[in-house]
Amino acid sequence: MSDTPNPLVASPFLVQLAGEHVTVCECCEDRTQVACGLITTRYCAKIAWYWVRWTIGKPSLPAVYDIAMVPPSVEPYTHERVLVEMGQFFEQDGGVAFGDADRSPLAKDTTVCDRALTRDEALMPPFVDRACDLFDTIWINDPRLGELRTWRENAKKEG
């Protein structure tokens, strides 16, 4: 997965921005930014929907990527979707890790996915390769992730 965006990287996928909003936690008043979008092939087949959420101004907390994707082995025009969850960390060595998507607030929404994958399932082919490609596509192409890119650059300088 890429550390920094590179608009010159050829990708078979395109990102369409679909909305964003900020929520405020009632107990701590932290603000959470949510950016969502759609990923298609260059031929307009919808292959994934995504939601990225992070606590504004808090690089000590991971950004969470929920990606509802059409499995690579399935015809992209079907409606079958699985949900994977990835956390992006910004302190010390940083990195990206898969999590259990069934913990996501989106896991039970049948308009989002048919099934939420466990971490172990997401790490198996063909899901892991597709999820990593989609993560890179989001990271490279979604301009709303500027705060996250700054955190990543700062972590690299400090590390």
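Residues numbered from 1 in each chain as written. Predicted model: local features only at pLDDT ≥ 70, side-chain atom pairs only at ≥ 80, totals over all residues. Heavy atoms only, no water.

*Asks:* Quick question: what am I supposed to make of the packing of helix α2 (residues 127-141) against helix α3 (residues 146-158) here?
*Replies:* Each pair of packed helices gets described by two things: the angle between the helix axes and the distance between those axes. α3 packs onto α2 with a crossing angle of 100 degrees between their chain directions and a minimal axis gap of 9 Å. Classified by the angle their axes make, α2 and α3 are roughly perpendicular. Along its contact with α2, which presents Ile138, Trp139, Ile140 and Asn141, the element α3 presents Leu148, Arg149 and Arg152. Among the residues making up the contact of α2 with α3, the classes are represented as four nonpolar, one polar and two charged. (Axes fitted to C-alpha atoms, helices over the stretch in contact; angles between N-to-C directions. Helix = DSSP H or I, 4+ residues; strand = E, 2+ residues; numbered from the N terminus. Parallel < 35°, antiparallel > 145°, perpendicular 65-115°, else oblique. Contact = heavy atoms within 4.5 Å. Nonpolar A, V, L, I, M, F, W, Y, C, P; charged D, E, K, R; others polar.)

*Asks:* Explain unusual backbone geometry to me, please; I cannot follow it from the model alone.
*Replies:* The bulk of non-glycine residues show a negative phi, and the bulk of peptide bonds are trans. The omega angle of the peptide bond from proline 125 to proline 126 is 0 degrees, so this bond is cis rather than trans. Relative to the helices and strands, proline 126 is located in the loop between α1 (119-122) and α2. Positive phi, close to 65 degrees, is recorded for glutamate 29, a residue that is not glycine. Of note, the phi angle at cysteine 44 is positive, near 75 degrees, even though the residue is not glycine. By the secondary structure assignment, cysteine 44 is in the loop between β2 (31-41) and β3 (46-55).

*Asks:* Looking at this structure, how should I read the packing of aromatic side chains?
*Replies:* Given two aromatic rings, one states the distance between the centres and the angle between the planes to describe the pair. One pass over the full model with this rule turns up three aromatic pairs. Seen in terms of ring centroids, phenylalanine 90 and tryptophan 151 are 5.2 Å apart; in terms of plane orientation they differ by 75 degrees. Their pairing is edge-to-face. With phenylalanine 90 in the loop between β5 (82-89) and β6 (95-99) and tryptophan 151 in helix α3, the pair connects residues that are 61 residues apart, well separated along the chain. Using a relative accessible area of 8% as the deciding quantity, one classes tryptophan 151 as buried. With a centroid separation of 6.5 Å and 5 degrees between ring planes, the pair formed by phenylalanine 135 and tryptophan 139 is classed as stacked. Here the residue phenylalanine 135 and the residue tryptophan 139 both occupy positions in helix α2, the gap between them amounting to four residues, near one helical turn. Both residues of the pair, phenylalanine 135 and tryptophan 139, count as buried. Members of the aromatic cluster, joined through ring pairs, are Tyr65, Phe135 and Trp139. A cation over a ring is seen here: arginine 81 above tryptophan 49, with NZ or CZ 4.6 Å from the ring centre. (Phe/Tyr/Trp six-rings, centres within 6.5 Å; stacked < 30°, edge-to-face > 60°. Buried < 20%, exposed > 50% of the residue type's maximum accessible area, 1.4 Å probe, protein only. Lys NZ or Arg CZ within 6 Å of the ring centre and 35° of its normal.)

*Asks:* Before we go on, may I ask you to explain the pattern of salt bridges in this structure?
*Replies:* Any two side chains of opposite charge can pair, so long as their charged atoms come close to each other. One pass over the structure, following the stated rule, counts seven salt bridges. In this structure, the salt-bridge partner of aspartate 30 is lysine 58, at a minimum N-O distance of 3.4 Å. Of this pair, aspartate 30 sits in the loop between β1 (13-24) and β2 while lysine 58 sits in the loop between β3 and β4 (63-69), placing them 28 residues apart in sequence. On the accessibility criterion, lysine 58 (31% relative accessible area) is partly exposed. It is possible to trace a salt-bridge network through shared partners that takes in Arg53, Asp66 and Glu85. (Salt bridge = Lys/Arg side-chain N within 4 Å of Asp/Glu carboxyl O.)

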